[in-house]
Amino acid sequence: MAAEFIAQQLTLAKNISPLAWLTSTNERGQQAFSQAELPTKKHEDWKYTSLYNLSQAGFAATAPEAQAHAPVIPGLSAHRIVIANGEIDTNASDAAALELVVRFRDARPEQQEIIRGLLGEVKADRGHLFADLNDASINDGLFLLVEKNQRLEHPLHIVYANSCSSTAGDEAFTVNTRLLVALEQGAEATVIEHYAGDDTVDGVQNNFTNAVTEIRIGDNAKLTHYRLQLMSESAFHIGGTFIDLQRDARYEGFHLGLGTALTRNDIIVNHNVGGSHCEMNGVYVPQNKQVIDFHTCVEHKVAHCTTNEVFRGIMNNKAKATFNGRIHIHPDAQKTLAELSNKNLLLTNTAEINTKPELEIYADDVQCAHGATVAQLEEKARFYLQSRGISKEDAEIMLSFGFINELLNGLNHEEIGLWLRPQLAQRFGRSDDLSAQLTGEL
Amino acid sequence: MIEIKDLKASVEEKDILKGLNLNIGPGEVHAIMGPNGAGKSTLGNVLAGREGYEVTGGSATLNGKDILDLDPEERAREGLFLAFQYPVEIPGVSNLEFLKASVDAVREQQGKPALDSVQFLKLAREKCKAVNLDQSFLKRGVNEGFSGGEKKRNELMQMMLLEPSLCILDETDSGLDIDALQVVAEGVNAMRDANRSFIVVTHYQRLLDYIVPDYVHVLANGRIVKSGGKELALELEEKGYGWLENGNDNGAE
Amino acid sequence: MATNAEIESQIKAREYKAGFVTNIESETLPPGLDEDVVRFISAKKGEPEWLTEWRLKAYREWLTMTEPDWAHIGYPKIDYQDISYYSAPKSMDDKPKSLDEVDPELLAVYDKLGIPLHEQMALAGVAVDAVFDSVSVATTFRDKLEEAGVIFMPISEAVHEYPELIKKYMGSVVPQRDNYFAALNSAVFSDGSFVYIPKGVRCPMELSTYFRINEAMTGQFERTLIVADEGSYVSYLEGCTAPMRDENQLHAAVVELVALDGAEIKYSTVQNWYPGDENGKGGIYNFVTKRAVAHTNAKVSWTQVETGSAVTWKYPSCVLKGDNSIGEFYSVALTNNYQQADTGTKMIHMGKNTKSTIISKGISAGKSQNAYRGLVRMGPMAEGARNFTQCDSLLLGDKCGAHTFPYIESKHPSAVVEHEATTSTVSDDQLFLCQQRGIDTEKAVSMIVNGFCKEVFKELPMEFAVEAGKLLEISLEGSVG
């Protein structure tokens, strides 16, 4: 089955209508992917997450005609681009947004040069077989370049909306997406990658998204990055996010894993020159039989860089989550400050969490710490709520939500927090009243 | 007591002290004031022998002995004590254990008999009380989780235990409120006697209301630019340092 | 004041004090391993048929297995045909009946190591089983222990005297095919200690096994089995040394602990195998499987001080099978020069209200690599289970590495797991403060390192805590002063 899956995906990759200037990337990717094996539990990096269901599902079809149902984030003034079933939907996108970015397909020769120079450069050889698959299949993508000392006034909101119609008998399909972000010296921007669900009446979202994002943040530049995965529980999502930090660069990321049957996200951050800072938070809230897996790796290659990483997860029903957070301090990375915290709540005895924070340190004058907990709600706090007349069940829900709400409160864009809050609260609230209470609407 | 002649020192190849002269007789208290970056803290660190502070010229003799070639611990055993501006925390090493090792080393140098554990504990408790620190601080890690004031009092307690001949207080008053300042000052005053000298480095005149100096020196741009009695401190408080610095090149640190 | 370079040169000056070789005439099998060798070892010990078969089964399993490669260690491939699997002093051929009959040369070895075997000279309250290469040469205080009903003897003798106990428990905690090195050990194990504490008995003295590798080109494959019957208590300590030799030697031991209902086992290790020289030449490859099963209300506590071996691969574990059982792991692992350690524990929580504590202190110096690897697993029945893990690393010098690989798996909503890890160094500021108070660099480092390890040392039996402290000091002599 695994071999079949590889063969199917390879056939799809070979059937794309290629961009002449990207064929070498395609060929390299196809070559690497054709030799790949689907990893199993025996591979340390895939110890807890099985690809069996993905390989069984079969995504042989090409994407049907786009039907974009792309949600907006209320109150947030953003430049919005909608990508429906892998194709840019120019009608649904803002004209201003389309001005901001370069489509690979429309790139002028000098832009092609820049794109080619960056593509695969940040990712280098750190991706796994799905990054190779993405290379194999690129024939379009988005490139955002923010020039020296420029500040993007509004966030760039990229909505990936996948949908096919159950009544029309559409088959499950694969979408490979590629995003390239480069901030020149002193530039500032906010980018929201939004993998949307499908709320149309007959829509099904059982397709497979394989997304690669490469980000280079130049000297003294700052990127705020949201990567929000809110897909339907039938979808499959594999994501690779690769971030390069130049001197004094700053990355502030928020990664949400809410939907899909299976999500696997690899996030790799490289401190390349010095003085850079990475502030990365994440939340995962799988329920039912969902599987969500975050693998983060922060490479401190040089001295005087800092990292602060916080991921929290709540697992309900029969859901399973995996968090693997690696911090790697290279031999010359003196004066590094790096901290990682991962906290988890299991709500049922059929849910499962596997967490593995890793420190690999080859320099002595550094301060590193990590903590991981799997815990119950705090007895004292629950009792306090109960003593004020709140039922035990409601108290538990409120406290669970509070556990992740802390991270939502810290978001740079309040509107995003306000928009996400009810969607997350829904996961816990048994009554609308309580959901409303949790989100502060009462 | 200590004689400092034409002392020059640099940090990371930048000259900080540029020919400093200072003579301190037994029992005297000298205050050193000066603007930020004048080299005030450097003086204490150079005399105590901190790594990274390179002596590029001059001499310093303590009780007739040149100390600049000695290791820091040897200087300490010779009776030089530096009360740190920011005392470092050493988790895992109990304060008591640390104090005993220190007192043992200094007493050995002085040819005094070692104290046994019981004697030492008694002494340590006494000193604890004298600086108003709870005895539980003896059991905790060195400075671990101490507040700013507690750290300074812990420094003072060490000074009392070691009975040094020259005490250098490096901005001991910074970050202390009036109450804490008084406790420290009382401790220092109690330590004053005919055979012990003090160098009190401070940025604020306030401290000198409590520890009254015999002499006040202004350190600017790596040199003593003015000396006087205790009234000089008041003058500085009023006028600032600008009137003294004119004619000097800028940027000492 | 001491610079890092100074510190490093001082670390290098470390001396391995147990590195002498003793010239004792030995009977040693030529290198190589096949079924005949397994049969030879079994025959040499006059083992019953079932045990020969047990060994052969393990050997056949071993042939189908591959050497694990997931640990954070690197070493040249071991040629298993280049190792001798049996070596015993000739004087042991006719079993000495008492200490008086033991070759004085052999007793002298243990005197030199500070483990006198004559009872009148021995440490009060500690019974010792001394294992020299492949055989046990002496066990002290056996009579006194027998009075209390405690069995403490070489496992090779226990096979004959208590076959039912051995049959029942050997391999019950670490099955033959548990892992590559355990399978190898099961096929060729030479000797080791067997302990049985009867119901409700509190073992009247500390038990201790002292392992010594002497012969060149030999591997040591001892096996220890401790069974603490219901409500009993025992404290057990093992120590290890080997001569300094240029080639690497393999040590692949298996230790099985069974703590029945309400029993308590405290197992302490001071591991000081030859670590190799300052250029990384020679030293013991230490691949050890240690595991305990704790039944209802039982408690197992592992304490280890690991300063030796070129390569250490070791994860003393607890299977907390019974409700309310408790597992503890306290570890100090120090690596210097080119030593590599990948060590930690597994706490498998199966029963309700099971508790585990993990305190791990890693100290890396020189060009060494020191990794903590631990698993905490909360099973689907582990209601109310608790774990706390504290994992600290101290780096002395900028050429070494300190790594932390904790695995946490939880399947029960009421189970609580807490893991914390920190890393630190002995800072210049700390050293300067000490120096300014008259304490020299060497003493200061020793104080800081001992402070760092305090939580673990306090778990060791008194006499050994002192030994461990000294060992650490020797290992870091002058080091990060």
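Keep in mind it's a predicted model, so treat the numbers as computed, not measured.

Colleague: Help me understand the arrangement of the chains in this model?
Modeller: For the 2 pairs of chains in contact, the largest share of contacts goes to chains A and C. Regarding chain A and chain B, the two do not touch, and the least distance separating their C-alpha atoms is 14 Å.

Colleague: Looking at this model, I keep getting lost on the interface of chain C and chain B. Mind explaining?
Modeller: Where interface size is quoted, it is often the accessible area lost as the parts come together. With 21 residues of chain C in contact, the opposing surface of chain B contributes 32 residues. Taking both sides of the interface into account, the surface hidden between chain C and chain B amounts to around 2200 Å²; carbon and sulfur atoms contribute 61%. The tally of links between chain C and chain B comes to 2 salt bridges. Its salt-bridge partner being Asp429(C), residue Arg50(B) comes within 2.4 Å of it at the nearest N-O pair.

Colleague: Can you walk me through the environment of Tyr372(C) in this structure?
Modeller: Residue and element names in this part refer to chain C. Structurally, the position occupied by Tyr372 is in strand β20 (residues 369-378). Residue Tyr372 is classed as buried on the basis of its relative accessible area of 5%. Along the primary structure Tyr372 and Ala333 are separated by 39 residues, whereas in three dimensions their C-alpha atoms are 9.0 Å apart. Here Tyr372 is in contact with Thr343, Gly344, Thr345, Ile358, Ser360, Thr389, Cys391, His403, Thr404, Phe405 and Pro406, once residues within four sequence places are set aside.

Colleague: Explain the interface of chain C and chain A to me, please; I cannot follow it from the model alone.
Modeller: Contacts between chain C and chain A engage 31 residues on the former and 34 residues on the latter. Around 2700 Å² of area is buried between chain C and chain A when both sides are counted, 51% of it from carbon and sulfur atoms. Together, Tyr407(C), Ile408(C) and Pro413(C) form the three largest contributors to the area buried by chain C at its contact with chain A, with a combined 21%. For the pair chain C and chain A, the number of links is 1 salt bridge. For the salt bridge of Lys411(C) with Glu352(A), the shortest nitrogen-to-oxygen distance reads 3.9 Å. At the surface where chain C touches chain A, the tally comes to 15 residue pairs in polar contact (both at pLDDT 80 or more). Counting residues per element, the ones that place at least two in the side of chain C that touches chain A are β21 (386-396), β22 (401-410) and β23 (416-425) of chain C. A total of 10 residues in the side of chain C that touches chain A trace back to one element, the largest contributor, which is β22(C). Looking at the side of chain C that touches chain A residue by residue, the classes come out as 12 nonpolar, 13 polar and 6 charged. Here strand β20 (residues 352-361) of chain A pairs with β22(C) via 6 bridges, running antiparallel.

Colleague: Explain helix α2 (residues 23-34) of chain A here, please?
Modeller: Because each turn of an α-helix spans 3.6 residues, side chains separated by three or four positions end up pointing in the same direction. Residues and elements named next belong to chain A. Given a rise of 1.5 Å per residue, 12 residues ought to cover 16 Å, and the 16 Å separating the end C-alpha atoms of α2 matches this to within 8%. Looking only at α2, the buried set comprises Thr25, Asn26, Gly29, Gln30 and Phe33. Along the long axis of α2, the arc covered by the buried residues comes to 130°, so they all point the same way. Facing away from the buried side of α2, by more than 90 degrees, are the exposed residues Glu27 and Arg28.

Colleague: Please clarify how helix α8 (residues 180-188) of chain C should be interpreted in this entry.
Modeller: Residues and elements named next belong to chain C. Counted residue by residue, α8 has 9 buried out of 9 residues, so it is predominantly covered. Looking only at α8, the buried set comprises Tyr180, Phe181, Ala182, Ala183, Leu184, Asn185, Ser186, Ala187 and Val188. For α8, the capping residue at the N-terminal end is Asn179, with a side-chain oxygen 2.9 Å from the backbone nitrogen of Phe181.

Colleague: Just checking my understanding: could you explain unusual backbone geometry for this structure?
Modeller: Leaving glycine out, the prevailing phi sign among residues is negative, and the prevailing peptide bond configuration is trans. Unlike most non-glycine residues, Asn288(A) shows phi in positive territory, near 45°. The residue Asn288(A) is located in the loop between β15 (277-284) and β16 (291-300) in this model.

Colleague: How should the packing of aromatic side chains be read in this particular structure?
Modeller: Geometry of an aromatic ring pair is reported as the spacing of the ring centres plus the angle between the planes. Using the criterion set out here, one finds 31 aromatic pairs over all chains in the structure. Summarising the aromatic geometry, the rings of Trp54(C) and Phe189(C) are spaced 6.4 Å apart at their centres and angled 85° between planes, so their arrangement reads as edge-to-face. Of the two residues, Trp54(C) sits in helix α3 (residues 49-64) while Phe189(C) sits in the loop between α8 and β6 (193-197), which places them 135 residues apart along the sequence. Assigned by exposure class, Trp54(C) and Phe189(C) land together as buried. Aromatic ring contacts, followed pair by pair, group Tyr59(C), Trp62(C), Trp70(C), Tyr75(C), Tyr80(C), Tyr180(C), Phe181(C), Tyr285(C), Phe287(C), Trp313(C) and Tyr315(C) into a single cluster. A cation sits over an aromatic face here: Arg264(A) above Trp46(A), 3.9 Å from the ring centre. Over the aromatic face of Phe452(C) sits the side chain of Lys361(C), whose NZ or CZ is 5.1 Å from the ring centroid.

Colleague: Got a minute to help me understand the sheet that holds strand β12 (residues 223-228) of chain B in this structure?
Modeller: What links the strands of a sheet is backbone hydrogen bonding, and the strands pair in either a parallel or an antiparallel sense. Residue and element names in this part refer to chain B. Read across the open sheet, the 6 strands follow the order β6-β9-β10-β3-β11-β12; overall the sheet is mixed. Whereas interior strands pair on both sides, the edge strands pair on one side only; in this sheet they are β6 (80-83) and β12. Taking the axes of each pair of neighbouring strands and ignoring which way they run, one obtains an average angle of 20° across the sheet. The sheet strands contacting helix α1 (residues 40-48) are β3 (29-33), β6, β9 (166-170), β10 (197-201) and β11 (215-220), and the helix crosses β6 at an angle near 140°.

Colleague: Honestly, the pattern of salt bridges in this entry has me stumped. Any pointers?
Modeller: Two side chains that carry opposite charge are able to pair once their charged atoms sit near each other. This structure, assessed with the given rule, holds 51 salt bridges over all chains. Ionic pairing is found between Arg196(B) and Asp193(B), a salt bridge with its closest N-O pair at 3.8 Å. Residue Arg196(B) is classed as buried on the basis of its relative accessible area of 11%. Asp193(B) gets classed as partly exposed once you look at its relative accessible area, which sits at 37%. Salt bridges linked by common partners bring Glu44(A), Glu299(A), Arg326(A), Lys356(A), Glu358(A) and Glu360(A) together as one network.

Colleague: I'm lost on a negative patch on the surface in this one. Help?
Modeller: Residue and element names in this part refer to chain C. Among the surface-exposed residues, Asp143, Glu146, Glu147 and Glu161 lie close enough to one another that they form a single negatively charged patch. If one sorts the elements of the negative patch by residue count, helix α5 (residues 142-147) sits on top with 3 residues. Mapping Glu147 onto the fold places it in helix α5. On the accessibility criterion, Glu147 (72% relative accessible area) is exposed.

Colleague: What exactly am I supposed to notice about the confidence of the model for chain C here?
Modeller: Interpreting fine coordinate detail is not advised for predicted regions of low pLDDT. Residues and elements named next belong to chain C. Of the residues in chain C, 90% have a pLDDT of 70 or more, and the chain-wide mean is 86. Contacts for the low-pLDDT stretch residues 1-13, under 50 throughout, to residues beyond four places or in other chains number 34 contacts. As scored by the predictor, the complex reaches a pTM of 0.83 and an ipTM of 0.84.

Rules used in this analysis
- Here, residues in each chain are numbered from 1, in the same order as that chain's written sequence.
- Just so you know, chain letters begin at A and ligand numbers begin at 1, following the order they were written in.
- Local features in this predicted model are restricted to residues whose pLDDT is 70 or higher, and side-chain atom pairs enter the listing and the counts only when it is 80 or higher, whereas totals over whole chains, interfaces and linings include all residues.
- Hydrogens and waters are ignored; side-chain quantities use all the structure's heavy atoms.
- Residue contacts follow a heavy-atom distance rule, with two residues in contact if any of their heavy atoms lie within 4.5 Å.
- Buried area is understood as the total, over both parts, of accessible area removed when two parts are fitted together, assessed with a 1.4 Å probe.
- Counted as salt bridges are all cases of a side-chain nitrogen of Lys or Arg within 4 Å of a carboxyl oxygen of Asp or Glu.
- Secondary structure follows DSSP: runs of H or I at least 4 residues long count as helices, runs of E at least 2 residues long count as strands, and numbering of each begins at the N terminus.
- A 1.4 Å probe rolled over the protein chains alone gives each residue an accessible area, and that area as a share of the maximum for its type sets the label: buried under 20%, exposed over 50%, partly exposed in between.
- Two N or O atoms form a polar contact when they lie within 3.5 Å of each other; inside protein one atom must be a possible hydrogen donor and the other a possible acceptor, and for residues adjacent in sequence the pair counts only when both atoms belong to side chains.
- Residues are grouped as follows: Ala, Val, Leu, Ile, Met, Phe, Trp, Tyr, Cys and Pro are nonpolar; Asp, Glu, Lys and Arg are charged; all remaining types, including Gly, are polar.
- Strands are labelled as partners when DSSP assigns at least two bridges between them.
- Any helix carries an expected span of 1.5 Å times its number of residues minus one.
- Arc, as used here, means the arc of the directions from the helix axis to the C-beta atoms.
- Two aromatic rings, drawn from Phe, Tyr or Trp (for Trp, its six-membered ring), form a pair once their centres lie within 6.5 Å of each other, and the interplanar angle then sorts them: stacked below 30 degrees, edge-to-face above 60, tilted otherwise.
- Either the NZ atom of lysine or the CZ atom of arginine qualifies as a charge over a ring when it sits within 6 Å of the ring centre and within 35 degrees of the ring normal.
- For helices, the fitted line uses only the C-alpha atoms of the stretch in contact; every axis is such a line through C-alpha atoms, and the angle between N-to-C directions lies from 0 to 180 degrees.
- Patches were defined on residues exceeding 30% relative accessible area and lacking a salt bridge, with like-charge contacts within 9 Å and nonpolar side-chain contacts (Val, Leu, Ile, Met, Phe, Trp, Tyr) within 5 Å.
- Each accessible area value is a Shrake-Rupley result obtained with a 1.4 Å probe; residue values ignore everything except the protein chains displayed when judging cover.
- Positive charges come from Lys and Arg alone, negative charges from Asp and Glu alone, with His and the N- and C-terminal ends not counted.
- Note on charges: their place is set at NZ of Lys, CZ of Arg, CG of Asp or CD of Glu.
- A residue's pLDDT is the confidence the predictor assigns to it, expressed on a 0 to 100 scale.

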